[in-house]
Amino acid sequence: MGGGNSQLIFLLIMVALLVFMFSRTRKQQKAQQQMQNSVAPGAEVMTTSGMFGTVVSIDGDVVVLEIAPGLRTRWTRRAVARVVTASGPTVEPAGAGGNALSFEKTAEDVPGPAASPVQRGDDGTGGATRSQ
């Protein structure tokens, strides 16, 4: 009869673990849905694919993100994975605070001439010479 009690205890432990796992999953899903519903314009978010952007507008289930100055994309609200920064009452325009992304190259970004110049070959083609 001791074998039956141990099987019953094992079964109860398994059921308790399953209940715990399912309740935890439901809590996480509920928290994720609350976060997605509370996203407001001005918040910086990350999508499920890893794209960062600032929420510009929300229309039902569609969220418009600005991922670069002047570049806006449409996403479903469920694609928002997390909020990086909360929305504030004032949102600076892209070029005003110097926080905008810059894709222009400056003189420091462009590499200079090579330290050892390439020697002109004997044939005049400009290729490097090679000694054999």
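Please read all numbers here as calculations on a predicted model, not as lab measurements. (Residues numbered from 1 in each chain as written. Predicted model: local features only at pLDDT ≥ 70, side-chain atom pairs only at ≥ 80, totals over all residues. Heavy atoms only, no water.)

J.: I would appreciate a short explanation of the overall build of the protein in the present structure.
T.: Looking only at helices and strands, the protein has one helix and five strands in total. Ordered by position in the sequence, the α and β elements of the protein form the string α-β-β-β-β-β. By the burial criterion, 14% of the 132 residues in the protein qualify as buried. A sequence separation of at least 24 residues applies to 40% of the contacts in the protein between residues at least 6 apart. (Helix = DSSP H or I, 4+ residues; strand = E, 2+ residues; numbered from the N terminus. Buried < 20%, exposed > 50% of the residue type's maximum accessible area, 1.4 Å probe, protein only. Contact = heavy atoms within 4.5 Å.)

J.: Quick question: what am I supposed to make of the sheet that holds strand β3 (residues 62-68) here?
T.: Each strand in a sheet pairs with another by means of backbone hydrogen bonds, the pair being arranged parallel or else antiparallel. A sheet is described by the order of its strands in space; here five strands give the open sequence β4-β3-β2-β1-β5, paired in antiparallel fashion. At either margin of the open sheet sits one strand with a lone partner, and together these are β4 (71-76) and β5 (80-85). Pairs of neighbouring strands in the sheet enclose a mean axial angle of 45°, with direction left out of account. Bridge count for strand β2 (residues 52-59) against β3 is five bridges, and the pairing is antiparallel. Residue V55 lies in a different strand from β3, and its bridge partner there is L65. (Pairing = 2+ DSSP bridges. Axes fitted to C-alpha atoms, helices over the stretch in contact; angles between N-to-C directions.)

J.: Would you take a moment to explain the side chain of R77 for this structure?
T.: Its location among the elements puts R77 in the loop between β4 and β5. Here R77 occupies a buried position and makes no salt bridge, while the nearest side chain of opposite charge, D61, is found at 4.7 Å. Separated by 3.0 Å, the side chain of R77 and the backbone oxygen of G60 make a polar contact. Setting aside anything within four residues of it in sequence, one finds R77 in contact with Q36, N37, V39, I58, G60, D61 and V63. (Lys, Arg positive; Asp, Glu negative; His and termini not counted. Salt bridge = Lys/Arg side-chain N within 4 Å of Asp/Glu carboxyl O. Polar contact = N/O pair within 3.5 Å; in protein donor to acceptor, adjacent residues only side chain to side chain.)

J.: Looking at this structure, how should I read the environment of G53?
T.: The residue G53 is located in strand β2 in this model. Residues G53 and V83, spaced 30 residues apart in sequence, show a C-alpha to C-alpha distance of 9.9 Å. Apart from the residues lying within four places of it in its own chain, the contact partners of G53 are A43, E44, V45, E66 and I67.

J.: I tried to follow the nonpolar core on my own but got confused; where do I start?
T.: The tendency in soluble globular proteins is for nonpolar side chains to be buried side by side. Core analysis: the biggest nonpolar cluster contains eight residues, these being M35, V39, A43, V45, V55, V63, L65 and V80. Setting aside its immediate chain neighbours within four residues, L65 contacts V45, T47, T54, V55, V56, L71, R72, T73 and W75. (Core = buried A, V, L, I, M, F, W, Y, C linked by side-chain atoms within 4.5 Å.)

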